[in-house]
Amino acid sequence: MPRKTSHSPLSVLFITPEIHPLIKTGGLGDVSSSLPSALRQLGVDVRVLIPGYPQVMSGLKNKRRLVDLGPLAHFPPAALLSARLQVGDSGEIPVIILDCPGLYQREGGPYMDPSGHEWPDNALRFGLLSRVGAILSSDASPLKWRPQVVHCNDWQSGLTPAYLNTHRGKRSATLMEIHNLAFQGVFPPGSVAQLGLPADSFNINGLEYYGQMSFLKAGLYYSDHIVSVSPTYAREIQTSELGFGLQGLLSGRRNQISGIVNGIDTLEWDPSSDPHLNRHYSLSKINNKSANKRSLQQSLGLTVDPDILLFGMVSRIAHQKGSDLLLQVAPHLTRIPAQLVILGSGEPALESQLMQLAKNYPGKISVSIGFDESLSHLIEAGSDCFLMPSRFEPCGLNQLYSQRYGTPPLVHATGGLIDTVVDCIPSTLSDGTASGFLFQSMNPNNFLAGIRRVSTLYRDKPAWRRLQKNCMSKDLSWRVSAESYLEIYRSLASGLPVSQTVA
Ligand code: ADP
């Protein structure tokens, strides 16, 4: 149960298309379990709405049928189930499962079929999620529980505020959160009628987006407030460089946009107890970290050498993540000398170029294609330095995990990476704030210069230790950020303007 606070408990419906550990394709999956968990510890009555994919249905035990939704116009029959998701040692999150076998019971990922093609009925699949989110957030809800705020995450629940806009009775306040503006949920104009939305909402002041309809634009237009996952990214999306054509709308709403950096689940990501590691370690036993490096080198076929600088990277293989830049720089990196471990999956052309790279540099570069939670933890622990040359990065989680694991990150100076990594220069190293390395401007020379800076500091063992200790001493939990969400929820629930929140 939520802890009692001096304020009456706030009720929040958190709508998400993925949740760790049941189903995850990226950072949103992690945030969807760790943020609600942190909010419950602050006394918020938050419940998560998620589609009943096979992984959700089989992963949650003790499901209870709540209600049949009956025939909702435009959608196949659906029902709501309730269950509880255990999150680390920190407690349970109440989950409302949207059970609609016709849309969700199929093998594959949440957005794509097993061969990597988007599900052809994604508009209907996430239209239903949005629609049900809206029903539960209004006086048309069949449930007794009613949220004061509905928290929508990314395009998959972007239509919730649009549906609520058409509702005549009482409704919850709406918050639209952008985890990545690059994914907008764009569908043909015919989807507007197909999803039961009014024809006049297909408008520049509505959900029309360059002749198509966009779920995300709908959420950004109709929501009461917008949050993005870091203060810098919240500013960047108001510019033509990173606004994906939505910069006009976003800059027009600049007084209703907050930037709040993500926290991490510090129980799940804890090198002193992580079950995926070869050897546990902590700030006081940092020497034990090297056993994980050996284990990584051994298991991936790299030359076992405790002294060689080992770079790690775990990410979607995509232009956004700078995988192309890495391909250009990797041969130079091996000559430093250094080793490189990559885990990821994504764009097929980049995947095959990376695999070829590993073949060209046996014993020096390892590339694992796929999604492997356990290996991702070992890479965070076993690498000396973590690479994130992202072209843009709303917040990023891996640079936070790597700091917690005493693996300073080298990152491109963009978005949330600017807000969460302090560049290592003599003054920041001596005042204890340095926590990694930043390189400016996305080009191979700058990236390589960053790699050389890492290598120079790595050879200065006392300085490197100091940097690692800075990283491991940082508070990366949800403590501060969850309070910022709470403040926004309180304002929204009482109909007050939200003060500009940056955390
Ligand atoms: P994004 O959400 O843009 O993909 P983030 O850095 O915010 O990037 O979060 C990515 C999350 O997904 C991290 O938890 C990361 O470890 C995980 N991840 C990404 N690719 C893989 C992979 N191939 N195997 C295991 N975990 C992965």
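Cut-off values and rules
- Residues numbered from 1 in each chain as written.
- Predicted model: local features only at pLDDT ≥ 70, side-chain atom pairs only at ≥ 80, totals over all residues.
- Heavy atoms only, no water.
- Helix = DSSP H or I, 4+ residues; strand = E, 2+ residues; numbered from the N terminus.
- Rg over C-alpha atoms; globule rule 2.2 N^0.38 Å.
- Buried < 20%, exposed > 50% of the residue type's maximum accessible area, 1.4 Å probe, protein only.
- Contact = heavy atoms within 4.5 Å.
- Areas by Shrake-Rupley, 256 points an atom, 1.4 Å probe, with all protein chains shown as cover.
- Lys, Arg positive; Asp, Glu negative; His and termini not counted.
- Charge placed at Lys NZ, Arg CZ, Asp CG, Glu CD.
- Pairing = 2+ DSSP bridges.
- Axes fitted to C-alpha atoms, helices over the stretch in contact; angles between N-to-C directions.
- Domains from an automatic or database assignment.
- Buried area = accessible area lost by both parts, 1.4 Å probe.
- Polar contact = N/O pair within 3.5 Å; in protein donor to acceptor, adjacent residues only side chain to side chain.
- Phe/Tyr/Trp six-rings, centres within 6.5 Å; stacked < 30°, edge-to-face > 60°.
- Lys NZ or Arg CZ within 6 Å of the ring centre and 35° of its normal.
- Near = heavy atom within 4 Å.
- Nonpolar A, V, L, I, M, F, W, Y, C, P; charged D, E, K, R; others polar.
- Core = buried A, V, L, I, M, F, W, Y, C linked by side-chain atoms within 4.5 Å.
- Parallel < 35°, antiparallel > 145°, perpendicular 65-115°, else oblique.
- Left-handed = near helix turned anticlockwise from the far one by under 90°.

Chemist: What should I look at first to understand the overall build of the protein chain in this one?
Modeler: Looking only at helices and strands, the protein chain features 19 helices and 18 strands. Taking 2.2 N^0.38 as the reference for a compact globule, 503 residues should give roughly 23 Å; the C-alpha atoms of the protein chain span a radius of gyration of 23 Å, in line with that estimate. Burial statistics for the protein chain: of 503 residues in total, 60% are counted as buried. Long-range pairs, those at least 24 residues apart, make up 70% of the contacts in the protein chain with a sequence separation of at least 6. In the structure as shown, the protein chain presents an accessible area of about 19600 Å², 53% of it carried by carbon and sulfur atoms. Counting 44 positive and 40 negative side-chain charges, the protein chain places the centres of these two groups 4 Å from one another.

Chemist: It is not clear to me how the sheet that holds strand β18 (residues 437–439) should be interpreted in this structure. Could you clarify?
Modeler: The sheet built from six strands is open, its strands ordered β15-β14-β13-β16-β17-β18 with parallel pairing. In this open sheet, the two edge strands, each paired with only one partner strand, are β15 (365–369) and β18. Adjacent strand axes in the sheet meet at a mean angle of 20 degrees when their direction is disregarded. Taken together, the two bridges between strand β13 (residues 309–317) and strand β16 (residues 385–388) define a ladder with parallel strand orientation. Looking at the pairing, G312 lines up with F386 of β16. Running at roughly 145 degrees to β15, helix α12 (residues 348–360) makes contact with β13, β14 (338–346) and β15 of the sheet.

Chemist: What's the story with the domain arrangement of the protein chain in this structure? I'm lost.
Modeler: Here the protein chain is described as being made up of domain 1 (11–263 + 478–494) and domain 2 (286–473). Look at where the C-alpha atoms of domain 1 and domain 2 centre, and you get two points 32 Å apart. Taken together, the contact between domain 1 and domain 2 spans 21 residues of the former and 17 residues of the latter. Summing both partners gives a buried area of about 1300 Å² for domain 1 against domain 2, and 63% of it is carried by carbon and sulfur.

Chemist: Whenever I open this one, the environment of R65 confuses me. Can you help?
Modeler: For R65, the position within the fold is in strand β3 (residues 64–70). Once the C-alpha coordinates of R65 and A83 are considered, the two residues, 18 residues apart in sequence, prove to be 9.1 Å apart. For R65, the residues in contact, after removing those within four places along its chain, are A79, L80, L81 and D99. Within the structure, R65 has its side chain in polar contact with the side chain of D68 (distance 2.8 Å).

Chemist: Can you help me understand the packing of aromatic side chains in this one?
Modeler: Each aromatic ring pair is described using two quantities: the centre-to-centre distance and the angle formed by the ring planes. A complete count under the given rule lists 16 aromatic pairs for this structure. With 5.8 Å between their ring centres and 65 degrees between their planes, F244 and F392 make a pair best called edge-to-face. Of this pair, F244 sits in the loop between α8 (231–236) and α9 (247–252) while F392 is found in the loop between β16 and α14 (398–404), placing the two residues 148 residues apart along the sequence. Since its relative accessible area comes to 9%, F392 is described here as buried. With 5.0 Å between their ring centres and 25 degrees between their planes, F439 and F447 make a pair best called stacked. F447 matches F439 in its accessibility class, with the two residues each being buried. A connected cluster of aromatic rings, assembled from ring pairs, spans Y111, F126, W155, F187 and F215. One cation-aromatic arrangement involves R106 over W119; the distance from NZ or CZ to the ring centre is 4.6 Å. Over the ring of Y458 we find K461; its NZ or CZ atom is 3.5 Å from the centre of that ring.

Chemist: Teacher, can you tell me more about the site of the ligand here?
Modeler: By nearness alone, 19 residues border the ligand, and G27, D30, R316, K321 and G370 come closest of all. The contact in question runs from an oxygen atom of the ligand to an N or O atom on the side chain of D30, over 2.7 Å. K321 is positioned such that a nitrogen or oxygen atom in its side chain is 2.9 Å from an oxygen atom of the ligand. Relative to its free-state accessible area of 560 Å², the ligand is covered by the protein chains to the extent of 93%. Going through the elements one at a time, α1 (27–41), β13, β14, α13 (373–382) and α14 are the ones with two or more residues in the shell around the ligand. Among the elements that take part in the shell around the ligand, β13 stands out by supplying three residues, more than any other. Partitioning the shell around the ligand into residue classes produces five nonpolar, eight polar and six charged. Each of domain 1 (11–263 + 478–494) and domain 2 (286–473) accounts for three or more of the residues forming the shell around the ligand.

Chemist: Explain the nonpolar core to me, please; I cannot follow it from the model alone.
Modeler: Residues L49, L80, L98, L128, L159 and L220 are the most contacted members of the largest nonpolar core, which totals 108 residues. Per-element tally for this core: the top contributor is helix α4 (residues 122–136), with eight residues. In this structure, this core is formed jointly by two domains, domain 1 (11–263 + 478–494) and domain 2 (286–473), each of which donates at least three residues. Once residues lying within four places of it in the same chain are set aside, the contact partners of L98 are L49, I50, P51, G52, L69, A78, A79, L80, Y104, L128, L129 and V132. Counting residues in each nonpolar core, the second largest holds 36 residues, with L325, F439, F447 and L448 among its members.

Chemist: Sorry, what's going on with the packing of helix α11 (residues 323–334) against α12 here?
Modeler: A packed helix pair is summarised by two numbers, namely the angle formed by the two axes and the spacing between the axes. One way to put it is that α11 packs onto α12 with a least axis distance of 10 Å and a crossing angle of 15 degrees. Considering their axes alone, α11 and α12 lie roughly parallel with respect to each other. Read as a crossing pair, α11 and α12 show a hand that is left-handed. Contact residues: S323, D324, L327, A330 and P331 in α11; L350, Q353, L354 and L357 in α12. Here the residues of the contact of α11 with α12 sort into six nonpolar, two polar and one charged.

Chemist: Please explain unusual backbone geometry as it appears in this structure.
Modeler: Glycine aside, the phi torsion of most residues is negative, and most peptide linkages are trans. With an omega of 5 degrees, the peptide bond running from H20 to P21 counts as cis. If you trace the backbone, P21 turns up in the loop between β1 (11–15) and α1. For the bond from I336 to P337, the omega torsion is 5 degrees, close enough to zero to count as cis. Within the secondary structure layout, P337 lies in the loop between α11 and β14. The backbone of D154 sits at a positive phi, close to 60 degrees, despite the residue not being glycine. With respect to the element layout, D154 can be found in the loop between β6 (149–153) and α5 (159–165). The class for D154 is buried, based on a relative accessible area of 9%.

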